[in-house]
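# Structural description and commentary
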Amino acid sequence: MQYITTFWSYISNSFVKYNLTVIDVLEMLILAWLIYKILGWIQSTRTFVLLRGIAVIGLFLLVAEILDMTAILWVAKNVVSVALMAIVVIFQPELRKMLEELGKNNIFRLVNLGDRMNPEGKFSDKTMQSIVKACTIMSKDKTGALILLENYQKLTDYVETGIEIDAVVSMQLLVNIFEHNTPLHDGAVVISGDRVVAATCYLPLSEDMSVSKELGTRHRAALGASENTDAFVIVVSEETGQITVAREGVLSRGLSPDQLLEQLSSFRQKEDKAEESKPRRRDWFRSKWEERKQNEKQQGSTEKTEG
């Protein structure tokens, strides 16, 4: 108890001594969180290696400053503007990924910005059972497969890289698409609602350096798609026959058919809850807006009366 009292006293005295406010503390917490997230992001991408190269150059320039190497310092000062532009170009993929992560943040879904949301993205029990049966058959036969289920975020960029199909999802169709030596077996299948939209789609590979070396291109593509979108991605390994699910940049490996069905059900329920909550959020914002307009009208009428 004494330690708690001493700590609280120290905190209180710090507020008085440095004239801190609650906003100041909030700012420090936000900055600490941002620095933590940026460092974690840097460590998990190629950015860490690039930053080490920049640190070496910085160290070299520091030595040049200490030893008063005027020619090197003159060159460094004249190329600094070009160097800044070069840094933006070099880090372009990493910056884009960071902005995509920010754009996927749930806070933006509260106001339903843009046309990102896909109202027809839900799939039926029949589709779910067909996917599980197809994955079970392909797992037993060790047939490689890569399936994306569209959520809120449209997968148009991936669909455009493949061949359009637009057919109802069925176990037979999925098994035939991924059958060896067929024209459509290479690449990913994209499913939206109860329909197979496209096949042979190309996906971005994950740049996560911590991914196991045991995983092949198909798993890295699944992980990359789940990092860049909110899709539900299913992988069947051609080597082991294992069923893997990728969601939000996380792989769940070695799933049984029952576990796959459970994950699909969880994914669909999450979709349904989000769809149900959207009208409530819209109604809340609308009521607040109408309340504000009503208050402005009342204030205006009061001012006229007083005048």
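Summary of the structure given here. This structure is a prediction, so every number in the text was calculated from the model and none was measured.

### Here we look at the overall build of the protein chain
Counting its secondary structure elements, the protein chain contains eleven helices and seven strands. Split into buried and exposed, the 307 residues of the protein chain put 31% on the buried side. Total accessible area computed for the protein chain in this model is approximately 20300 Å², and 61% of it derives from carbon and sulfur atoms.

### So, the packing of aromatic side chains
For the structure on display, the rule yields two aromatic pairs. Ring plane angle 15° and centroid distance 6.1 Å describe the contact between F123 and F267, whose orientation is recorded as stacked. One end of the pair, F123, is in the loop between helix 6 (92–103) and helix 7 (125–141); the other, F267, is in helix 11 (residues 257–306), with 144 residues separating them in the sequence. Across this residue pair, the class does not change: F123 and F267 are buried. Aromatic pair F232 and F267: ring centres 5.0 Å apart, planes at 40°, arrangement tilted. With F232 in strand 5 (residues 232–236) and F267 in helix 11, this pair connects stretches of sequence that are 35 residues apart. Side by side, F232 and F267 carry an identical accessibility label, which is buried.

### Some remarks on the environment of E164
Checked against the element boundaries, E164 lands in strand 2 (residues 163–168). Apart from the residues within four sequence positions on either side, E164 is in contact with V197 and A198.

### Considering the environment of N78
Relative to the helices and strands, N78 resides in helix 4 (residues 70–78). When its relative accessible area of 44% is taken as the criterion, N78 is described as partly exposed. Polar contacts involving the side chain of N78 include one to the main-chain carbonyl oxygen of W74, which spans 2.6 Å.

### Remarks on the side chain of S130
Position of S130 among the secondary structure elements: in helix 7. The class for S130 is buried, based on a relative accessible area of 9%. With sequence-adjacent residues up to four places away left out, S130 is seen in contact with V169, S170, M171 and L174.

### Points about the sheet that holds strand 7 (residues 250–255)
An order of 2-4-3-1-5-6-7 is seen for the seven strands of this open sheet, with the pairing classed as mixed. Two strands in the sheet have a free side with no partner beyond their single neighbour: strand 2 and strand 7. Ignoring strand direction, the axes of neighbouring strands in this sheet form an average angle of 20°. The sheet contact formed by strand 1 (residues 145–149) and strand 5 spans five bridges and is antiparallel. By the bridge assignment, L146 is partnered in strand 5 with V235. Where helix 7 meets the sheet, it contacts strand 1, strand 3 (188–192), strand 5 and strand 6 (243–247), and its direction lies at approximately 25° from that of strand 5. Where helix 10 (residues 217–228) meets the sheet, its contacts fall on strand 1, strand 5, strand 6 and strand 7, and the angle it forms with strand 5 comes to roughly 175°.

Here is what the cut-offs are and how they apply
Residues numbered from 1 in each chain as written. Predicted model: local features only at pLDDT ≥ 70, side-chain atom pairs only at ≥ 80, totals over all residues. Heavy atoms only, no water. Helix = DSSP H or I, 4+ residues; strand = E, 2+ residues; numbered from the N terminus. Buried < 20%, exposed > 50% of the residue type's maximum accessible area, 1.4 Å probe, protein only. Areas by Shrake-Rupley, 256 points an atom, 1.4 Å probe, with all protein chains shown as cover. Phe/Tyr/Trp six-rings, centres within 6.5 Å; stacked < 30°, edge-to-face > 60°. Contact = heavy atoms within 4.5 Å. Polar contact = N/O pair within 3.5 Å; in protein donor to acceptor, adjacent residues only side chain to side chain. Pairing = 2+ DSSP bridges. Axes fitted to C-alpha atoms, helices over the stretch in contact; angles between N-to-C directions.

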